[in-house]
Amino acid sequence: MIDKITESLEQAVADIHDGATVMIGGFGNAGMPAALIDALIAQGARDLTIVNNNAGNGDTGLAALLKAKRVKKIICSFPRQTDSYVFDALYRAGEIELELTPQGNLAERIRAAGAGIGGFFSPTGYGTMLADGKETRLIDGRHYVLESPIHADFALIKALRGDRWGNLVYRKTARNFGPIMAMAAKCAIAQVSEVVELGQLDPEAIVTPGIFVQRVVLQTAQETK
């Protein structure tokens, strides 16, 4: 019997190893799997490469992971905002590496990994420092830059509901990077607000099929606060 429900957050992240590449869903706080991030901080893995849209907000979630100095490199599209002071301090001190990727390229690089695509040409970034060291090509009169897929060892994502097969549905824009990150990682771990019985999710509403999810963990009401 297939049952991907994990008993606890701690068990869900227990095998995330030092040096792992970890994708973390979320657009700012929307869709950010805060409970899984807190469990990862408690677990203690270090020298992580994190793939996320931004570089943390305030002192919680991803910012707390950075503050604990568990991250050696972050790949993101939006590292600086009014409350990204944790990342700012680490970057200015030379304690974290940044790979800046335009948001559309970031999404497509993640999607390419999940789709088995070896690379793609994008016009975004041509003629800027973001294209340094990359192959460029003129296609139909327009310049393009070769971008590589981003693969991950683990993906931490947040969904609204899931079943024991790992099928997921999301709450509106909280889905953001979750579906493509689940496809791009060797092990996708989904934090959900509700676990339902098989058949309760409308097949037409399932965004991420269970084939792309390895673990589902229920976030309790206490962990939501």
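Residues numbered from 1 in each chain as written. Predicted model: local features only at pLDDT ≥ 70, side-chain atom pairs only at ≥ 80, totals over all residues. Heavy atoms only, no water.

**Student:** I'd love a proper account of the pairing of strand E4 (residues 71-76), names of residues and values included.
**Tutor:** Of all the six residues making up E4, five are buried; the element is thus mostly covered by neighbouring parts of the structure. Running through helix H3 (residues 62-67), the crossover from strand E3 (residues 48-51) to the neighbouring parallel element E4 is right-handed. Looking at chain direction, E4 and strand E5 (residues 97-100) are connected through four bridges and run parallel. Bridging from a neighbouring strand, Ile75 pairs with Glu99 of E5. For the segment spanning E4, helix H4 (residues 85-92) and E5, crossover handedness is right-handed. (Buried < 20%, exposed > 50% of the residue type's maximum accessible area, 1.4 Å probe, protein only. Helix = DSSP H or I, 4+ residues; strand = E, 2+ residues; numbered from the N terminus. Right-handed = clockwise from strand over helix to strand, strands pointing away. Pairing = 2+ DSSP bridges.)

**Student:** Requested: an account of the packing of aromatic side chains, with residues and values cited.
**Tutor:** Within this structure, the stated rule accounts for one aromatic pair. Relative to Tyr91, the ring of Phe87 has its centre 5.5 Å away and its plane inclined at 20 degrees; by these criteria the two rings are stacked. Of this pair, Phe87 and Tyr91 both sit in helix H4, separated by four residues, roughly a single helical turn. For Phe87, a relative accessible area of 2% puts it in the buried group. (Phe/Tyr/Trp six-rings, centres within 6.5 Å; stacked < 30°, edge-to-face > 60°.)

**Student:** Can you lay out the pattern of salt bridges for me, pointing to particular residues and giving the numbers?
**Tutor:** This structure, assessed with the given rule, holds eleven salt bridges. Taking the shortest distance from any N to any O, the salt bridge between Arg80 and Asp88 comes out at 3.4 Å. Its relative accessible area of 15% is what places Asp88 among the buried residues. The shortest N-O distance in the salt bridge between Arg109 and Glu99 comes to 3.0 Å. Of this pair, Arg109 sits in helix H5 (residues 103-115) while Glu99 is found in strand E5, placing the two residues ten residues apart along the sequence. By relative accessible area, which is 6% here, Arg109 ends up buried. (Salt bridge = Lys/Arg side-chain N within 4 Å of Asp/Glu carboxyl O.)

**Student:** I'd love a proper account of H4, names of residues and values included.
**Tutor:** For H4, every residue scored as buried is listed here: Val86, Phe87, Asp88 and Leu90. Residues of H4 that are buried in the fold lie against H3, E4 and E5. Just downstream of H4 lies Gly94, where phi reads positive at about 70 degrees. (Contact = heavy atoms within 4.5 Å.)

**Student:** Give a detailed account of a nonpolar patch on the surface, specifying residues and quantitative values.
**Tutor:** There is a patch of nonpolar side chains on the surface, built from Ile2, Trp165 and Leu198 and spanning about 280 Å² of accessible area. With respect to the helices, strands and loops of the structure, Leu198 is situated in the loop between strand E11 (185-195) and strand E12 (215-218). Overall, Leu198 belongs to the partly exposed group, its relative accessible area being 30%. (Patch = residues over 30% accessible without salt bridge, like charges linked within 9 Å, V, L, I, M, F, W, Y side chains within 5 Å. Areas by Shrake-Rupley, 256 points an atom, 1.4 Å probe, with all protein chains shown as cover.)

**Student:** So what's going on with the sheet that holds strand E7 (residues 136-139)? Residues and values would help.
**Tutor:** By definition, the strands of a sheet pair up through backbone hydrogen bonds, in either a parallel or an antiparallel sense. If you walk across this open sheet you meet the three strands as E6-E8-E7, and the pairing is antiparallel. The sheet terminates laterally at strand E6 (120-122) and E7, the two strands that pair on one side only. Pairwise comparison of adjacent strand axes, ignoring direction, gives a mean angle of 40 degrees for this sheet. Where E7 lies against strand E8 (residues 142-147), four bridges are found, and the strand directions are antiparallel. Residue Arg137 lies in a different strand from E8, and its bridge partner there is Tyr144. Most of the contacts of H5 go to E6, to which it runs at about 170 degrees, and overall it touches E6 and E8. (Axes fitted to C-alpha atoms, helices over the stretch in contact; angles between N-to-C directions.)

**Student:** Can you lay out the side chain of Asp153 for me, pointing to particular residues and giving the numbers?
**Tutor:** Along the chain, the position of Asp153 falls in strand E9 (residues 152-162). Beyond its immediate sequence surroundings of up to four residues, Asp153 is in contact with His17, Ala20, Thr21, Ala185, Lys186 and Cys187.

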